[in-house]
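Observations on the model geometry
What follows is the residue order along each chain.
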Amino acid sequence: MKKRWIALYVENQVGVLSKISGLFSAKSYNLVSLTVGTTEDVTVSRMTICVSSDDITFEQIKKQLNRMVEVIKVIDLTEVPIHMKELMYIKVWAEKQEKKNQLFQIAQVFGVNVCDYSNDHVILECTLTEHRNDDLVALLKKNFKKIEVVRGGTVAVESVSTFCR
Amino acid sequence: MQISGAKLFVKALAAEGVDTVFGYPGGYAIDLFDELYKQDNAKIKLILPRHEQGLIHAADGYARSSGRTGVCLVTSGPGATNLVTGIATANYDSVPLVCFTGQVSTGLIGNDAFQEVDIIGITRNICKWGVTVHRREDLGRIIKEAFYIANTGKPGPVIIDIPKDIQTSLGPSEYPSEVNIRGYKPIENVHIGQLKKAYRMLKSAKRPLILAGGGVTRREAFEMFTKFAEQTKTPVVTTLMGRGSIPTTHSLFVGNCGMHGTYAANMAVSQCDILFSIGTRFNDRITGDLNEFAPEAKIVHIDIDTASISRNVKVDVPVVSDAFTALSKLTEWAEGDAEKLEHIEGREEWIDKIQSWNQENPLEMKVENGVSPQAVIEAINQSYDHYQVVTDVGQNQMWTYQFLQMDENRRLITSGGLGTMGYGLPGAIGAKLANPEENIISVNGDGGIQMNIQELATAVIEGLPITVCIFNNGYLGMVRQMQHLFYGKRYSATCLTKRRSCPEDCKGPGEQCPAYTPDFVKLAESYECRGIRVTKNEEILPALKAAREETKVPTIIEFMIPYGELVLPMVKGGNPMSEMILKAKK
């Protein structure tokens, strides 16, 4: 089992998201994350789907997606150079100044913005890779008594100049 | 000029060449029915079955029998949900259907209005395509796309949900003549390189075997298929849906493979070195234990559905193509190779070996008392030179599968993938409507026939002289068989004679049993059908003769089958195909 990514162009219509996600539940495929938004063409949506599967199942997933009438194109992003980020907000409960200072240092090291601040809360705005977001969540969990995590799922685009991921 | 959605609906059906609509009206489909009523010289015939499940099975039987698209028209809510089993049935067996469902007005959708259900949501995973029409101007395009999608590529059922206000509101009168769906481009050709590779492997094989599935019969590639087997001197086994691809009397036909296949066919699969498969998805009923399936073979898989390839079994040469296209190429190449193929060596030994397996364990049934199912099927073989036999599901289906002679003119229509009880009678009604001149014989068990028995009325009012055979053994026989073999003879809920008054420690059927209900002969009479009960083997042929001579109403023949008869051979679900139960301990 490993993580793999698919970019999916679909018709921007009622019920298509449900049809795609329904496939994953009907066939017991392991869906990790799914993001969707319209493209430059408003009749087309692009989904970035992350699944966790073995090789055979992944082949089957791509074929099953491909045979759907509403699916325009399936792109396997697993092995191609891409830019990939996940949007995440983290609300951290931090009352003491010393904890806040620690948090600012962490934010600086990870390269994320502090986008909101009050006496007892700080909100971080992170646009990192999924793995980097995982690391940040783990670190904050260890160091702060309470955090709230809102993750947006990964979006990816094929790169134009680099050949590494 | 602007016309109502309902008017455009009728115009679209006419443009698609639809001659028969299977419809059951209701509050949210009434406008569509009204337009069908008003059509000029009633080109589109409206059939009114007695239940929507019977309705869709009839449309399915119509489609399988004729190759044309079956059309259903029902109302919203319960009308739509009653289609669900039939949609799944058609989906599993790749049957082209277009189902129109009424829907509450667009403004009411989501309000839990009277008779509102989200039928598109309910059927999302069991149809090829489904859509609710939200805008009147999209209606024509959507209907056009529906017919195109249903009957191209791997055919399947499509659902068009039309809200009441879309039916009544005015909009463009044009019905498009072309479709262009960017996400749907059915495969119409074949990768020559891959197919050549497969063909070369077959030629060089020592112990080759062709496995034919429903793809061959669905595309009616009978002649080419048989020719190809002959050209390459390759023995053939078939699945349930593929039986008849090559005439069952042909010397190269080994038998059916799979759970209730013949000993020789399953042994051949287990020992072949090339398994050349066309139009099958390697269902678990064919493969059994996947680790033990065709262990010595390289597998060629030709199928129209890319998702079927390398899903269940690991395939060495995948070829994406429909059976017809692939076989036209294959026969063409074999034609060119005729001389080389003439001198192909080593095949005789392999064919002899298969024949010796057939002699070792031939397919036969011995019945001591009462009517033998095998004798009934063989009487059908003798009584007609062309027919379409429509079965229900269970033992009746498997006996038909085992013993019915099939070829291009003698076909089987059966719910193979989903295994839907209640298919046999309405399916036969649809087949007869599609082919009024054909001998249509419906084979059922006493369990399944009761699931859609109300459709006798449809057959009577339409004046369809179909022959309805009921194998009555008083049990849900196929489940009873599994209980008998694998569940310590604990016959939980399979006796259909059992009443509240029966003793808890029932030791099995006997004199003391209550009468079977219903009395099928009396039931036939109450429907104005002909009813015949057959209790001895010698009554079988006369009963079939009487049915054949009947020209106006259905004939119901109830065959009193001994309750303990089993369908054998049998492979227990999940076991290797070489582990067949050949003989039963009574």
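One numbering rule holds for all chains: residues counted from 1, following each sequence as written. Chain letters and ligand numbers both follow the written order, the letters beginning at A and the numbers at 1. Two thresholds apply to this predicted model, a pLDDT of at least 70 for residue-level local features and 80 or more for giving and counting side-chain atom pairs, whereas whole-chain, interface and lining totals are computed over all residues. Working from all heavy atoms in the structure, the side-chain values ignore hydrogens and water.

This part covers the overall build of chain A. A count of helical and extended segments in chain A gives 4 helices and 8 strands. Reading the helices (α) and strands (β) of chain A from amino to carboxyl end gives β-α-β-β-α-β-β-α-β-β-α-β. Referenced to the eigenvectors of the C-alpha coordinate spread, the extents of chain A come out at roughly 55 × 35 × 30 Å. Taken over 165 residues, chain A has a buried fraction of 43%. Here a residue-residue contact requires only that any non-hydrogen atoms of the pair lie within 4.5 Å. In chain A, the proportion of contacts linking residues at least 24 apart, taken out of those at least 6 apart, comes to 73%. Accessible areas in this description were obtained via Shrake-Rupley with a 1.4 Å probe; residue shielding takes into account the shown protein chains only. Carbon and sulfur atoms make up 53% of the accessible area of chain A, which amounts to about 8,900 Å² in all. The distance from the centre of the 22 positive side-chain charges to the centre of the 20 negative ones in chain A is 5 Å. Secondary structure follows DSSP: runs of H or I at least 4 residues long count as helices, runs of E at least 2 residues long count as strands, and numbering of each begins at the N terminus. The cut-offs for exposure are 20% and 50% of the maximum accessible area for each residue type, with area from a 1.4 Å probe on protein chains only; residues under the lower value are buried, those over the upper are exposed, and the others partly exposed. In summary, the charge assignment counts Lys and Arg as positive and Asp and Glu as negative, without counting His or the chain termini. To locate a charge, take atom NZ for lysine, CZ for arginine, CG for aspartate or CD for glutamate.

A few words on a nonpolar patch on the surface. Patch rule: a residue counts if its relative accessible area is over 30% and it has no salt bridge; like charges are joined within 9 Å, and nonpolar side chains (Val, Leu, Ile, Met, Phe, Trp, Tyr) within 5 Å. What counts as a salt bridge is simple: a side-chain nitrogen of Lys or Arg found within 4 Å of a carboxyl oxygen of Asp or Glu. On the surface, a cluster of nonpolar side chains totalling about 240 Å² of accessible area is made up of L87, Y89 and V150 of chain A. Its place among the elements puts Y89 of chain A in strand β5 (residues 82-93).

Residue and element names in this part refer to chain B. Under this scheme, a helix contributes an axis fitted over its contacting stretch, all axes are lines through C-alpha atoms, and angles between N-to-C directions fall in the 0 to 180 degree range. In the contact formed by helix α3 (residues 52-66) and helix α19 (residues 424-434), the axes pass within 6 Å of each other and the chain directions differ by 45 degrees. For the element pair α3 / α19, the angle class is oblique. Two packed elements cross with a definite hand, and for α3 against α19 that hand is right-handed. Counted together, G54, H57, A58, G61, Y62, S65 and S66 of α3 and P426, G427, G430, A431, L433 and A434 of α19 form the full contact between these two elements. Class assignment for the residues of the contact of α3 with α19 results in 6 nonpolar, 7 polar and no charged. Under this scheme an angle from 65 to 115 degrees is roughly perpendicular, one under 35 degrees roughly parallel, and one over 145 degrees roughly antiparallel; angles in between are oblique. It is the rotation of the near helix from the far one that decides the hand of a crossing: anticlockwise by less than a right angle makes it left-handed, clockwise makes it right-handed. Each residue gets one label: Ala, Val, Leu, Ile, Met, Phe, Trp, Tyr, Cys and Pro are nonpolar, Asp, Glu, Lys and Arg are charged, and the others, such as Gly, are polar.

Looking now at a negative patch on the surface. Residues and elements named next belong to chain B. Taken together, the side chains of E345, E348, E349 and D352 make up a negatively charged region of the molecular surface. Summarising the element assignment, E348 is placed in helix α16 (residues 347-360). Residue classification places E348 among the partly exposed positions, given a relative accessible area of 45%.

Residues and elements named next belong to chain B. An automatic or database domain assignment supplies the start and end points of every domain. Domain parsing of chain B yields domain 1 (2-172), domain 2 (192-360) and domain 3 (373-501 + 511-560). Relative placement of domain 2 and domain 3: their C-alpha centres are 32 Å apart. Opposite the 16 residues of domain 2 that make contact, domain 3 presents 17 residues. Buried area adds together the accessible area that both of two parts lose upon being put together, with accessible area traced by a 1.4 Å probe. When residues of domain 2 are sorted by the area they lose upon contact with domain 3, L240, R243 and H260 head the list and together hold 47% of the total. Run the count over domain 2 and domain 3 and you get 1 salt bridge. With its nearest N and O atoms 2.9 Å apart, the salt bridge here joins R411 to E220. Grouping the amino acids of the side of domain 2 that touches domain 3 by side-chain chemistry returns 6 nonpolar, 7 polar and 3 charged.

Glancing now at the nonpolar core. The nonpolar side chains of soluble globular proteins are, as a tendency, buried together. Residues and elements named next belong to chain B. With 45 residues, the main nonpolar core has F22, L97, C99 and I466 as its most contacted residues. Among the domains, domain 1 (2-172) and domain 3 (373-501 + 511-560) are the pair contributing at least three residues each to this core. Once residues lying within four places of it in the same chain are set aside, the contact partners of C99 are I56, C72, L83, I87, V158, I159 and I160. Counting 36 residues, the second-largest nonpolar core is a separate cluster that includes L8, I160, I166 and Y184. Buried residues of nine kinds, namely Ala, Val, Leu, Ile, Met, Phe, Trp, Tyr and Cys, make up a nonpolar core once their side-chain atoms join them within 4.5 Å.

Before going further, it helps to spend a moment on the sheet that holds strand β6 (residues 113-117) of chain A. Residue and element names in this part refer to chain A. Within the open sheet, the 4 strands sit side by side as β6-β7-β5-β8. Their pairing is antiparallel. Every interior strand has two partners, whereas the edge strands, β6 and β8 (147-158), have only one. The sheet shows a mean angle of 15 degrees between the axes of neighbouring strands, direction not considered. What makes two strands pair is DSSP finding at least two bridges between them. Examined bridge by bridge, β5 and strand β7 (residues 121-128) share 8 bridges and lie antiparallel to one another. Each bridged residue has a counterpart across the sheet, and for V92 the counterpart in β7 is V122. Together, β5, β6 and β7 form the strand contacts of helix α3 (residues 97-110), whose direction differs from that of β7 by roughly 10 degrees. Together, β5, β7 and β8 form the strand contacts of helix α4 (residues 130-143), whose direction differs from that of β5 by roughly 15 degrees.

For the rest of this paragraph, the subject is the layout of surface pockets. Its volume calculated, the second largest pocket comes out at about 1,200 Å³. Both cavities and pockets are sets of points on a 1 Å grid over the protein atoms alone; in a cavity a 1.4 Å probe fits but cannot get out, in a pocket the set is open with protein on both sides within 12 Å along at least five of seven lines, and lining residues sit with an atom within 4 Å of a point. Considering the residues around the second largest pocket, the lining is formed by 41 residues, among which Q64, R67 and M68 of chain A together with K154 and D305 of chain B are closest to the centre. When grouped by side-chain class, the residues that make up the lining of the second largest pocket number 17 nonpolar, 12 polar and 12 charged. Grid points are joined across faces, edges and corners, and a volume is the space filled by probe spheres set on the points.

Here we come to the sheet that holds strand β1 (residues 2-11) of chain A. Residue and element names in this part refer to chain A. One open sheet holds the 4 strands; their spatial order is β2-β3-β1-β4, and the pairing between them is antiparallel. Strands at the two margins of the open sheet, each flanked by one partner only, are β2 (31-38) and β4 (71-76). Put simply, the sheet's adjacent strands are angled 20 degrees from each other on average, direction ignored. As judged from the 10 bridges shared by β1 and strand β3 (residues 44-53), these two strands associate in the antiparallel manner. Looking at β3, one finds that R4 is bridged to V51. Across the sheet, helix α1 (residues 16-26) touches β1, β2, β3 and β4, and the angle it forms with β3 is around 15 degrees.

Facing 22 residues of chain A, the contacting portion of chain B comprises 18 residues. Buried area between chain A and chain B, summed over both chains or domains, comes out near 1,500 Å², and the portion from carbon and sulfur atoms is 45%. Of all residues in chain A, K19, K63 and V69 of chain A bury the most surface against chain B, accounting for 38% of the area lost on that side. Scanning the region where chain A abuts chain B turns up 3 salt bridges. Between R182 of chain B and E11 of chain A there is a salt bridge, with the nearest N and O atoms lying 2.8 Å from each other.

Take the packing of aromatic side chains next. Residue and element names in this part refer to chain B. Any Phe, Tyr or Trp ring, taking Trp's six-membered ring, that has another such ring centre within 6.5 Å forms a pair; planes under 30 degrees apart are called stacked, those over 60 apart edge-to-face, and the others tilted. Applying the stated criterion to the full structure yields 16 aromatic pairs over all chains. An angle of 70 degrees between the planes, with centres 5.8 Å apart, marks the rings of F22 and Y62 as edge-to-face. Within this pair, whereas F22 is found in strand β2 (residues 20-24), its partner Y62 is found in helix α3, the two being separated by 40 residues in sequence. Of the two residues, F22 and Y62, neither departs from the other in class, the shared state being buried.

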